[in-house]
Amino acid sequence: MAKVAPFLVHHVTPSPSLQLHFSPRNASLQFHARHSTTSVRCAVATPTSNTPITNPTGSQGEDLFNFDRYMASKAVTVNDALDHALPLVQPERLSESMRYSLLAGGKRVRPMLAIAACEMVGGDEAAATPVACAVEMVHTMSLIHDDLPCMDDDDLRRGCPTNHVAFSVSTALLAGDALLSLSFEHIARGCAEHGVPADRALRAVAELANAVGTGGLAAGQVVDLASEGADVGLATLEYIHIHKTARLLEAAAVCGAIVGGACEEDIESIRRYARYVGLLFQVVDDVLDVTQTSEQLGKTAGKDLATDKTTYPKLMGVDGARAYAAELVASAEAELDRFDHARTEPLRHLARFIAYRQN
Ligand code: GRG
C-alpha cells in the first residue's frame, strides 16, 4: 500500500556499527516567558541514562556556538510573537481554548527550524517569525485534534489536561479549526508587515497547506488510524511518520528557507535535512515512549505498548531504533555540508537535540 521515501530506503536496516556509547552532554536550561494572561514554561531537559541515543561527540558544548542560548532566545521570540498573534477576543471561550494549547510551553522545535533555516540562507529572524508562528499554530491544532476521543483519546498533553478535557470536545474541535485558519492569515499579514516579498509568502502558504492536507498530516493520520490493530510493516510505518510528523518539520524548514530567499538547490537540501530530522523525531518519540515515565514526558507514557501499536522499537528493537536514529542524524547533517559551516551550527545542533531529547 504505502511506499518508503526513496531517499530513506537505505536506512531501513540499521547498522550495528553505529551503536556507539559515549557520555551524553550534561547541560540543562529553564526559562520563563510571562504572557499577558498565560504563564509559559519551557524546559530543555538534562539527559539521563535513559537517553534514547547517545551523543557520539558530546560536541554540543565544545564549540563556540551555544545552542542552549540560541534555542532559549528563539523560544522567547516565538512565545512573545504567539502571545501577540492570539489576543483574547470575543467569544473569549474560543480564544481561551486556543491560547490554552498554543501557549502551553511546547519545545518550539518547528519554529526554531524555520528561523534557523532562514538565518542559514542569509535571512533574518524577523522575516521568519510569521512562518515560524504559523507552523506552531498548525502543530498545536494537530495536537488538539489528535487528542480528541475520536482520534487518540488522550487526557494529558504537555503535562496538562488536554484541550477537550479542559474545555469540551466541541470547543477543542473549533479551537483547532480556528488555529488552522489563523496560521494562514498570520503568514499573509506577518510577511507583508515584515517586508517579505509576496511571491515568497505565497509559496510558503502553498508549502504549509500541502503539509496539512493530503500531502501530510491528514494523510498520515488516516493511514495511522486505518492501521490500528493491523500487522503494520516498516514501509507503512515510514509512510505514516513521514506524513504525520516529518512533513510538518519539513514545511517549517522549507518555509524558513523560502522567506529567507534561498535558491532552489538550497531549499531542496534543507527539505531533505528536515525530512531526516522529522523521521528521527518520530523514531526518538517511539523510544521515549518505552523508556520514559509519563511525568518525564508530560504525556501518557507506555501507550504504544499498551495499545500494541507498531513502533520502531517494536519492529527493530530498542537498540535497533537507537542505531537507526544515529544514522538519521548523520544523514541530516550531511545535507548541510554544502553550506558555510558556521551558519549550519543551529541546524546541526537542532538535529542532535532532537536525537538526545528526553521528552
Ligand atoms: C485537521 C487537517 C487536519 C489534520 C490533523 C490529528 C491529525 C490530523 C494529525 C496528527 C498529527 C500528530 C499529532 C503527529 C504527532 C507529531 C508529534 C511527534 C508531536 C509531538 O511533537 P513535540 O514533541 O511536541 O514537538 P511539543 O509539545 O514539544 O510541541
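Residues numbered from 1 in each chain as written. Predicted model: local features only at pLDDT ≥ 70, side-chain atom pairs only at ≥ 80, totals over all residues. Heavy atoms only, no water.

- The name given to the protein chain in an unreviewed UniProt entry is Geranylgeranyl diphosphate synthase, with Lolium multiflorum as the source organism.
- Under the heading Sequence similarities (unreviewed entry), UniProt records this for the protein chain: "Belongs to the FPP/GGPP synthase family."
- The Pathway (unreviewed entry) field of the UniProt record for the protein chain holds the comment "Isoprenoid biosynthesis." (UniProt positions renumbered as here; feature names shortened; annotations may be inferred.)

Describing the site of the ligand
Then step 1. Taken together, 19 residues sit near the ligand, with K107, R110, H139, R158 and F281 positioned nearest.
Then step 2. The contact in question runs from an oxygen atom of the ligand to an N or O atom on the side chain of R110, over 2.8 Å.
Then step 3. Interatomic distance of 2.8 Å between a side-chain N/O atom of R158 and an oxygen atom of the ligand.
Then step 4. Here the ligand has 760 Å² of accessible area as a free molecule, and 87% of this is covered by the chains.
Then step 5. Mapped onto the shell around the ligand, the elements with two or more residues apiece are helix 4 (125-147), helix 8 (217-226), helix 9 (234-259) and helix 10 (264-291). (Near = heavy atom within 4 Å. Polar contact = N/O pair within 3.5 Å; in protein donor to acceptor, adjacent residues only side chain to side chain. Areas by Shrake-Rupley, 256 points an atom, 1.4 Å probe, with all protein chains shown as cover. Helix = DSSP H or I, 4+ residues; strand = E, 2+ residues; numbered from the N terminus.)

Quick notes on the packing of aromatic side chains
Two measures describe an aromatic ring pair: the distance that separates the ring centres and the angle between the ring planes.
Then step 1. Per the stated rule, a full pass over the model turns up 5 aromatic pairs.
Then step 2. Between F65 and F67 the ring centres are 6.5 Å apart and the planes differ by 45°, which places this aromatic pair in the tilted class.
Then step 3. Taking 5.9 Å as the distance between ring centres and 50° as the angle between the ring planes, the aromatic pair formed by F67 and F353 counts as tilted. Taken together, the positions of F67 in helix 1 (residues 67-85) and F353 in helix 14 (residues 341-356) put the pair 286 residues apart, joining distant regions of the chain. (Phe/Tyr/Trp six-rings, centres within 6.5 Å; stacked < 30°, edge-to-face > 60°.)

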